[in-house]
Protein chains: 2
Amino acid sequence: MEAKMTESKLYDLLSAHSIPVPPYKSIGFQENPSIDFFPAALKIESPKVVHKSEYGAVKLNITSNEQLAAAKAEIIKNVEAKGVKLDDSDRFIAVKMCRGEELYFGMVNDPVFGKTILFGKGGVLLELYKDVGYISLEADKEEVERALRATKISKLLDNFRGMGDHMASAVNFVQKLQKFIKANPKISEMDLNPVLLTSDGLIAVDARVLFEANAVQKAARKRSNFFDNKKVAVIGASTEPSKVGYALAKNALSFKGELYFVNAKGGELMGKPLYKSVPEIPGDVDTAVIGIPGKFILDTIEQLAAKKVKNVIVTSAGFKEVGDLEGEEKLIALVNKHNINMIGPNCLGYYMGASSLNLTFGTGNVKDGGLAVVSQSGAVLAALMDKAAQSGIGFSHIVSVGNMADLDFADLVEMLESDPKCKMISLYVEGMNRGEEFLAAVRKCKKPIYLFKSGRSEASKAAAFSHTGNLSGNYEMFKGLVEGAGCTVVDNIEALIFRPDLSNVKQALIVTNAGGPASVLTDYIEDRGKKLYKLSDADIKVLDAILPFNWPKANPVDIIGDAQSGLYRKTLEIAQEFAGVDIIYVIVTPQFMTDSDNIAVLLTEKFKKPVIPIMLGGGSMSNGIKLLKEKNILVFDTLKGATDLL
Amino acid sequence: MEAKMTESKLYDLLSAHSIPVPPYKSIGFQENPSIDFFPAALKIESPKVVHKSEYGAVKLNITSNEQLAAAKAEIIKNVEAKGVKLDDSDRFIAVKMCRGEELYFGMVNDPVFGKTILFGKGGVLLELYKDVGYISLEADKEEVERALRATKISKLLDNFRGMGDHMASAVNFVQKLQKFIKANPKISEMDLNPVLLTSDGLIAVDARVLFEANAVQKAARKRSNFFDNKKVAVIGASTEPSKVGYALAKNALSFKGELYFVNAKGGELMGKPLYKSVPEIPGDVDTAVIGIPGKFILDTIEQLAAKKVKNVIVTSAGFKEVGDLEGEEKLIALVNKHNINMIGPNCLGYYMGASSLNLTFGTGNVKDGGLAVVSQSGAVLAALMDKAAQSGIGFSHIVSVGNMADLDFADLVEMLESDPKCKMISLYVEGMNRGEEFLAAVRKCKKPIYLFKSGRSEASKAAAFSHTGNLSGNYEMFKGLVEGAGCTVVDNIEALIFRPDLSNVKQALIVTNAGGPASVLTDYIEDRGKKLYKLSDADIKVLDAILPFNWPKANPVDIIGDAQSGLYRKTLEIAQEFAGVDIIYVIVTPQFMTDSDNIAVLLTEKFKKPVIPIMLGGGSMSNGIKLLKEKNILVFDTLKGATDLL
């Protein structure tokens, strides 16, 4: 239902919430009009006249009350000439004509993130440039400003060409909109277009508001006591090494608390008894991982509930992802009934430290560290773990959320925030269920959060749907909102594990045996918003002592084509001492004298700064690359790949 | 010198070249004004009144000749009230007030590309969005339209929201500007801002033109007879295998014509006599490669000129790149004097087929093929050759242009266009000397040209300068102009060798053992402007017969996590027959059952379509990746890397 609201009613409504509108006055049919704001426009307000301009019912550029009276008379004449009979129920509105750049503010009700404010350039360009800021209703002053500044058009607010500082007034305008929308929960859509940027700040000169008959209030959902375990059970522990249940049991074995294995066949596994059913387990269970066929799962969870279980991880597949929505809904209802936290179904499991708790069936060897990874794709997670193992990256938590039927990103961010072992969080997101709750969790979280979102394009939305059944929203809105709340959105998957280590990098130094590739790398580094460190006179002096006369005396440090490993070593030893350098890229190109194998050996050593080798070329670099990989050193064979992680 | 041109003079000038301006009329001081276009604006035109608005010397919204007369009287009153005495030398201009979207057209005189027309949104947004089209004065109708369409704002010209089709009129407007600028060679800068997009087409309502006292006419330069060789000399051929001169001689040895080696020491090399100097060579020389110290080069070229040499390749360094501008200028003057084509100095050499002519000191083994590569960086070229050798890519020509003191990109494109062995051209560009000539060569060239440009960012411009001494221009302008002329600009170096093979790819199919990475790959493929092939019902039926029941029946073809090499094989055998598929990506993720080594073996086989393996993960994929690389199969370990080449 669209509001059948006249322009004056709308201005009344907006003004009542302190949203600035132009000076205006509603004028009765018989009234002798008088206003004190010029130039003004006069328009009829009558349900009988829909297309005002066509009926000659709009008069512009009125500069005196005499002209106003004449304009009113002329409008009445024009409209009646079209055969419309006016009476005392019809009114007029006089509005001051304001000038300024046209901006746009609006509101949509997103299925994932709820009511969200949009900001951009007014008029046709909003559509053309898609330069839109997205602002949550819960965003505070700083978050609102961050969201506004995410647009290019926001530069107009920062004394652009001497037009004055309007950022504070724009933030204030958005805060009033937030209050307005919250105070009127039936508003389902809104367009303020244009909002004029005048020397006196922002003024909404036209508005359209859509109301919904029934606004739905969401029920709050409360979680707690995540994975605070003393007693753990593996349901479906198997004696056959080729089975998932065997891997689950084997990984769980290092758990320091009480550990129970359950398998209907009974017997023994890894020196522990195999209980034939959950009721046979002596005492209660805090946490259980379930790797048995789908049809037995509901009964098993009922039995676990009787054992006061708090957390279950369901690795088994066969639910929403193969179309069994009903089965998944039963599962959700069951865990809700017993207030159980569930991860999965259709997942690889949950890990919180090899000696703490490893309820996964992953094969890779995981090192302990401060990074927590939560992934909606098991395959992506497995590939990341594999890469991390090869590069010596360690983890505090690994969570494969699978179909995300219960615990979701909002819950898990909340959980990870409260665990001191976790220092940084990386999320691989396909679809988001409770967007508002996720943003709230991100705002509360003091740890850096890195996020990759798949399903940006239309075609891939279809792919994601067939994969886990979650719908993806508008990527730009998603990115705007989660960045506004404080996430760092990365644009390639590998950055989820490598970027947290490199998050403080601001200035880079390049050591190279060729100028061309260094120039290209410089472009890529700047594309990523980082800078090249500028060599001081003292830096140049110390490098001059070891480098050939014709080195360019600047960063990139080109140590010239005939450089061998010895010169690379001397240069790195000096460069690692430069205080302003946060990362050193080492480019090796295949030249006549290049001893790439020896250079690779050198690069396996420890340096004071992160050193990233880039071995350009094919066959002549393959030994060196192999050697570095074996020693868990991150190495690249393209310039672009090496900066994608920044 | 800025034109001291009144508005009416400017309108006279533009109208004289058929560039549309609004209806206007110049009015004398004593004249009783009469016009037939309304609404109009009236302004004074007097050198005594610079800031018209402040003097009350502009009147808007004039709707009748009575109002016009009154406005004129009021302006005179206002100006004289400010103490300015007007007389018969002062005039007025009446201009019709037009409405429409504000566009921008301008012209700059670029040091590389010469006079270039710019197009964008008028007003403050040009600066904010940097959405600018660049148009060469020599661009024909199609090229003009392509350049306009490269901007987002050009959508306004395509019946945007029912605003009418204005593309043809915009192209026509630019063609008139081209003629106008050519007819007035002293114009050095121009701003038409705004140009209004009205229902009647484009109208220039304000203009500023800058004139230069002395316009310079460039001398034309003519090249011919590139590398049409029968007699070749290697100057500096060396008997020491560690020397460049040895590699040059060895590579040259396969030349089928007459081949002479020169070395001051004399003796013999590879069964051929070593002449002690150029004059000792029996008979004439067409082409010589020179790998001797810089100080001997000028004399050597003089001696070669006496032998009627047509082409020289100077691999020796020590010129502009180490600051010896004078030495390089002498070299240029010398080859110009004798009308010799020169490649270099400071380069890796020139190759036109192993059995035709290989005057390089590269070490890699080069396969014959249809791709010509021209590179301004020797190191980048060496790395590309190395990668190409590893992936079985073949070349018709390899040119390392070094300092590009003589033959440049314009010459080489012209040369390659005329050689039928070359089917596609790839250029690695750091800086461009003769931009207009390059664009002309590209326009004439019928072969696809791929181009990578380094030195996009400010910092890297400095790096490029210290490297080869060439200046880089504005990257956006460069990209706009060369794309307009017909190049494909690629954004990573590797694409220079891989993309030419993949240039006809429109639709991709993905075969995967996991949905998540396939969804991400889909995003990247769409980012590159390519599409996923849509499976037909028949396709689905034939795949259904071999795939697990729960495959998603769509592309990406997810053959499910437990897939092994046998299922990959069957799927590929079927998928390669789908007519609409141009390329097949194969994703392998490390899952419980994945036999990645066997899958790699399978992927070394020949398929009817290009098959690109993506082996995701670290250690568990390293054997497979190694195997594929050994067999010259292009393989990736990241999703992004695999699509960067599209």
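Refer to the structure presented above.
None of these values were measured; they are calculated from a predicted model.

Counting its secondary structure elements, chain A contains 20 helices and 29 strands. Against the compact-globule benchmark of 26 Å for 646 residues, chain A has a radius of gyration of 32 Å, which places it well outside the compact range. Across its three principal axes, chain A shows a C-alpha extent of roughly 95 × 80 × 35 Å. Out of the 646 residues belonging to chain A, those deemed buried represent 49%. In chain A, the share of contacts with a sequence separation of at least 24, taken over all contacts with a separation of at least 6, comes to 69%.

Quick look at the sheet that holds strand β14 (residues 272-275) of chain B now. Pairing between the strands of a sheet comes from backbone hydrogen bonds, and it takes one of two forms, parallel or antiparallel. Residue and element names in this part refer to chain B. The mixed open sheet is built from seven strands, whose spatial order is β13-β14-β12-β11-β15-β16-β17. Each end of this open sheet is capped by a strand with a single partner; those strands are β13 (268-269) and β17 (341-343). Here strand β16 (residues 311-314) runs beside β17; their pairing, made up of three bridges, is parallel. Counterpart to V312 in the pairing with β17 is M342. With respect to the sheet, helix α6 (residues 244-252) is in contact with β11 (231-235), β12 (258-262), β13 and β15 (287-290), its orientation differing from that of β11 by roughly 160 degrees.

Time to look at the nonpolar core. Most often, soluble globular proteins have nonpolar side chains that are buried together. The biggest cluster of nonpolar side chains holds 386 residues, and the ones touching the most others in it are A:Y585, A:V586, B:Y585 and B:V586. If we ignore the near neighbours within four places in the chain, the residues touching A:V586 are A:V511, A:Y568, A:L603, A:V611, A:I612, A:P613 and A:I614.

Residue and element names in this part refer to chain B. Residues of helix α13 (residues 475-485) that are buried include every one of F478, G480, L481, V482, G484 and A485, and no others. Buried residues along α13 sit against β6 (114-121), β7 (133-136), α4 (141-149), α11 (435-444), β23 (449-453) and β24 (488-489). Positive backbone phi, at 130 degrees, marks G486, one or two positions downstream of α13.

What follows concerns the interface of chain A and chain B. Taken residue by residue, the interface counts 69 residues in chain A and 70 residues in chain B. Elements with a contribution of two residues or more to the side of chain A that touches chain B: α3 (125-129), α9 (378-391), α12 (458-468), α15 (515-527), α19 (619-630) and α20 (639-644) of chain A. Considering each element in turn, the side of chain A that touches chain B owes the most residues, nine residues, to α15(A). Of the residues belonging to the side of chain A that touches chain B, the class tally is 31 nonpolar, 25 polar and 13 charged.

Right, let's get into the relation of the copies chain A and chain B. With an RMSD of 0.1 Å, the fit of chain A onto chain B corresponds to turning through 180 degrees and sliding 0.0 Å along the axis. Taken together, these values place the two copies in the relation of a two-fold axis. Among all residues of chain A, the one whose C-alpha sits closest to the rotation axis is A:G641, at a distance of 3.5 Å. A share of 100% of the interface residues of chain A reappears at the interface of chain B, consistent with the copies meeting face to face through the same patch.

It is worth spelling out unusual backbone geometry at this point. The step from A:G344 to A:P345 runs through a cis peptide bond, and the omega angle for that step is 0 degrees. Here A:P345 is to be found in the loop between β17 (341-343) and β18 (349-351). Backbone torsion omega between B:F38 and B:P39 reads -10 degrees, so that peptide bond is classified as cis. A positive phi angle, close to 50 degrees, is found at A:M270, a residue other than glycine. Secondary-structure assignment places A:M270 in the loop between β13 (268-269) and β14 (272-275). Assessed through the 14 C-beta atoms surrounding it within 10 Å, A:M270 is described here as partly exposed. For B:N346, which is not a glycine, the phi torsion comes out positive at approximately 65 degrees. Structurally, the position occupied by B:N346 is in the loop between β17 and β18 (349-351).

Residue and element names in this part refer to chain A. Put simply, helix α17 (residues 565-575) and helix α18 (residues 596-603) touch, their axes get as near as 9 Å, and they point 25 degrees apart. Accordingly, the angle class assigned to the pair α17 and α18 is roughly parallel. The two elements α17 and α18 meet at a crossing, and its hand is right-handed. On α18, the residues that touch S565, Y568 and R569 of α17 are N598, I599 and L602. When grouped by side-chain class, the residues that make up the contact of α17 with α18 number three nonpolar, two polar and one charged.

Residues and elements named next belong to chain B. Considered for burial, the residues of helix α17 (residues 565-575) that qualify are Y568, T571, L572 and A575. Projected down its long axis, α17 carries its buried residues within an arc of 100 degrees, all on one side. On its buried face, α17 sits against β25 (507-512), β27 (557-558), β28 (583-588), α18 (596-603) and β29 (611-615).

Looking now at the pairing of strand β11 (residues 231-235) of chain A. The two faces of the sheet receive side chains in turn, since in a regular strand these alternate between them. Residue and element names in this part refer to chain A. Taking burial as the measure, the five residues of β11 include five buried ones, the bulk of the element. Taking every second residue as pointing to the same face, both faces of β11 are buried, with K231, A233 and I235 on one and V232 and V234 on the other. Bridging between β11 and strand β12 (residues 258-262) involves five bridges; their strand directions are parallel. Looking at β12, one finds that I235 is bridged to V262. Taken together, β11, helix α6 (residues 244-252) and β12 constitute a β-α-β crossover, and its handedness is right-handed. Two elements, β11 and strand β15 (residues 287-290), share four bridges in a ladder whose sense is parallel. Within β15, the position partnered with V234 by the bridge is V289.

Quick look at the sheet that holds strand β3 (residues 58-62) of chain B now. All names here are of chain B. The strand order across the open sheet built from four strands is β1-β4-β2-β3, with neighbouring strands paired in antiparallel fashion. A strand with exactly one partner marks an edge of an open sheet, and here the two such strands are β1 (24-28) and β3. Taken pair by pair, the neighbouring strands of this sheet meet at an average axis angle of 20 degrees, ignoring direction. Of the strand pairs in this sheet, strand β2 (residues 40-45) and strand β4 (residues 91-96) are connected by six bridges, and their pairing is antiparallel. Directly across from L42, in β4, lies its bridge partner A94. Relative to β1, helix α1 (residues 7-16) is tilted by about 140 degrees, and along the sheet it contacts β1, β2 and β4.

Residues and elements named next belong to chain A. Both strand β5 (residues 101-110) and strand β8 (residues 187-198) contribute to a ladder of six bridges, which runs antiparallel. In the strand pairing of β8, M107 is matched with M190. Two elements, β5 and strand β6 (residues 114-121), share eight bridges in a ladder whose sense is antiparallel. Residue pairing across strands places V108 opposite T116, the latter belonging to β6.

Residue and element names in this part refer to chain B. Mapped onto the elements, D286 comes out in the loop between β14 and β15. By the C-beta count within 10 Å, which is 19 here, D286 ends up partly exposed. A sequence separation of 56 residues divides D286 from K230, and the C-alpha atoms of the two residues are 6.5 Å apart. Other than its neighbours up to four places away in sequence, D286 contacts N229, K230, K231, V232, V309, K310 and N311.

So, about the environment of A:K530. Residue and element names in this part refer to chain A. When you line up the elements, K530 lands in the loop between α15 and β26 (531-532). Residue class for K530 comes out partly exposed when judged on the 18 C-beta atoms lying within 10 Å of it. It is 56 Å that separates the C-alpha atoms of K530 and V278, two residues lying 252 residues apart in sequence. With residues up to four places along the chain from it excluded, the contact list for K530 reads V505, K506, Q507, A508, I525 and L646.

Below, the discussion takes up the packing of helix α10 (residues 409-417) of chain A against helix α11 (residues 435-444) of chain A. Residues and elements named next belong to chain A. Running from amino to carboxyl end, α10 crosses α11 at an angle of 15 degrees, the nearest separation of the two axes being 8 Å. What the angle tells us is that α10 and α11 run roughly parallel. Relative to α11, α10 is oriented so that their crossing is left-handed. For the pair α10 and α11, the contacting residues are F409, A410, V413, E414 and E417 in the first and E437, F438, A441, V442 and K444 in the second. Split by residue class, the contact of α10 with α11 holds six nonpolar, no polar and four charged.

Calculation notes
- Residues numbered from 1 in each chain as written.
- Chains lettered and ligands numbered in written order.
- Predicted model: local features only at pLDDT ≥ 70, side-chain atom pairs only at ≥ 80, totals over all residues.
- Helix = DSSP H or I, 4+ residues; strand = E, 2+ residues; numbered from the N terminus.
- Rg over C-alpha atoms; globule rule 2.2 N^0.38 Å.
- Buried ≥ 20, exposed ≤ 12 C-beta atoms within 10 Å, placed from the backbone.
- Contact = placed C-beta atoms within 7 Å.
- Pairing = 2+ DSSP bridges.
- Axes fitted to C-alpha atoms, helices over the stretch in contact; angles between N-to-C directions.
- Core = buried A, V, L, I, M, F, W, Y, C linked by C-beta atoms within 7 Å.
- Nonpolar A, V, L, I, M, F, W, Y, C, P; charged D, E, K, R; others polar.
- Least-squares fit on C-alpha atoms with pLDDT ≥ 70 in both.
- Parallel < 35°, antiparallel > 145°, perpendicular 65-115°, else oblique.
- Left-handed = near helix turned anticlockwise from the far one by under 90°.
- Arc of directions from axis to C-beta.
- Right-handed = clockwise from strand over helix to strand, strands pointing away.

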